[in-house]
Amino acid sequence: MILVHFAKKVWLKLVYFFCYIIYFFSHPLYMKYYLRYLRWRGMKIHGTPRYISISCWFDGRDYSLIEIGHNAAISSNIRVLTHDYALTRAFVALGVDLKTDVANQLPVVIGENCFIGTNSILMPGCKIGKNVIVGAGSVVRGDIPDNAMIAGNPAQIIGNTLDWGREMRRLLDEGHFAHDPEWWSGRTPRTAANPEPVLPAGTSASV
Ligand SMILES: CC(C)(COP(=O)(O)OP(=O)(O)OC[C@H]1O[C@@H](n2cnc3c(N)ncnc32)[C@H](O)[C@@H]1OP(=O)(O)O)[C@@H](O)C(=O)NCCC(=O)NCCS
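Asker: Explain the environment of Gly159 to me, please; I cannot follow it from the model alone.
Answerer: Secondary-structure assignment places Gly159 in strand β17 (residues 156-160). Put simply, Gly159 and Asn147 are twelve residues apart on the chain and 8.7 Å apart in space, counted from C-alpha to C-alpha. The contacts of Gly159, once residues within four sequence positions are left out, are Asn147, Ala148 and Met149.

Laid out in C-alpha cells, this is it:
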C-alpha cells in the first residue's frame, strides 16, 4: 500500500516535470497534459480552461476543493488557498488545549470564462462567478457576482466585464490589440498556402 502511494507520488512529480518542460515549447500540448495532471490530483475542472500558468500555486492540501470553469484564464504567480492555520494561533493565545494544529478548510471556485490577473491571491472560501475579471495583484475573498471586474486588496468591484468588453470592442475592430503568436494559441500557422482569413466587414477578428 505504501509502495503504491509512493509510486503514485513519483509518477505525479514526473508528469508535473514533463508539463514544466513543455510549457516553454508548446502551449496546446502543455495545457493538454497539465489539465490531465490537475484532474489526476483531484481538481474539479469543467470543460477546457483556456490557460493555467505553470507558476500558479494551488493549495496542495486537498485539490478536490478547487474548481475551475471552462475557458477560464489563470495568469502567472497566482496563489489559490484552501486552508488557513491562523486559527491555531488564536486558540493557543486563548489557552485552548489542542492535540494538533487545526485549520479552516474551504473550497475555491473559479467560474467559467474568468480572467485572474497576475500575482493575485484567492482566499479560502472565495467563489468567483462567470466572466469575472480579476485585476493584477488582487486579494479575492467572498462571493464575486457574474460579470464583475474586481481589483485591489480586498478586491472591490471596479466595473462590469460586459460593459468593458463593449467599450473595448471598437478598439479590437480597429486592430489595436496584439494577437497571440500561433505557437501559443495552437492555431494553424499562417503560410502562403494557408493565409489569414479575410473577415467580412463589420465582424471582429477571432479572439
Ligand atoms: C483589471 C484591468 C483589466 C482593468 O483594466 P482597465 O479598465 O483598462 O483599467 P483602468 O486602468 O482604466 O482602471 C480602472 C480603475 O480600476 C483600478 N484598477 C485597475 N486595475 C487595478 C489593479 N490591478 N489593482 C487595483 N486597482 C486597479 C484603477 O486604479 C482605476 O481606478 P480609478 O477609476 O479610481 O482611477 C487591468 O487593470 C488589469 O489588472 N489587468 C490584468 C493584467 C494582468 O494580470 N496581466 C497578466 C498577463 S495576461
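Asker: Explain the environment of Ile158 here, please?
Answerer: By the secondary structure assignment, Ile158 is in strand β17. Between the C-alpha atoms of Ile158 and Gly135, which are 23 residues apart in sequence, the distance is 9.3 Å.

Asker: Is there a simple way to think about the site of the ligand in this case?
Answerer: Taken together, Ser75, Phe115, Gly117, Thr118, Ile133, Gly135, Ala136, Met149, Ala151, Gly152, Ile158 and Trp164 make up the full set of residues near the ligand. One of the backbone nitrogen or oxygen atoms of Thr118 is found 2.8 Å away from an oxygen atom of the ligand. A distance of 3.2 Å is found between an oxygen atom of the ligand and a side-chain nitrogen or oxygen belonging to Trp164. Calculation on the ligand without its partners gives an accessible area of 910 Å², and the protein chains cover 40% of this total. When its residues are assigned to classes, the shell around the ligand shows seven nonpolar, five polar and no charged.

Asker: Explanation requested: unusual backbone geometry in the structure shown.
Answerer: Excluding glycine, residues mostly carry a negative phi; peptide bonds, for their part, are mostly trans. Going from Asn153 to Pro154, the amide bond is cis rather than trans, its omega being -5 degrees. If you trace the backbone, Pro154 turns up in the loop between β16 (148-151) and β17. Its identity is not glycine, yet Asn119 carries a phi of approximately 65 degrees, on the positive side. Positionally, Asn119 belongs in the loop between β10 (115-116) and β11 (121-122). With a relative accessible area of 46%, Asn119 lands in the partly exposed category.

Criteria and thresholds
- Residues numbered from 1 in each chain as written.
- Predicted model: local features only at pLDDT ≥ 70, side-chain atom pairs only at ≥ 80, totals over all residues.
- Heavy atoms only, no water.
- Helix = DSSP H or I, 4+ residues; strand = E, 2+ residues; numbered from the N terminus.
- Contact = heavy atoms within 4.5 Å.
- Near = heavy atom within 4 Å.
- Polar contact = N/O pair within 3.5 Å; in protein donor to acceptor, adjacent residues only side chain to side chain.
- Areas by Shrake-Rupley, 256 points an atom, 1.4 Å probe, with all protein chains shown as cover.
- Nonpolar A, V, L, I, M, F, W, Y, C, P; charged D, E, K, R; others polar.
- Buried < 20%, exposed > 50% of the residue type's maximum accessible area, 1.4 Å probe, protein only.

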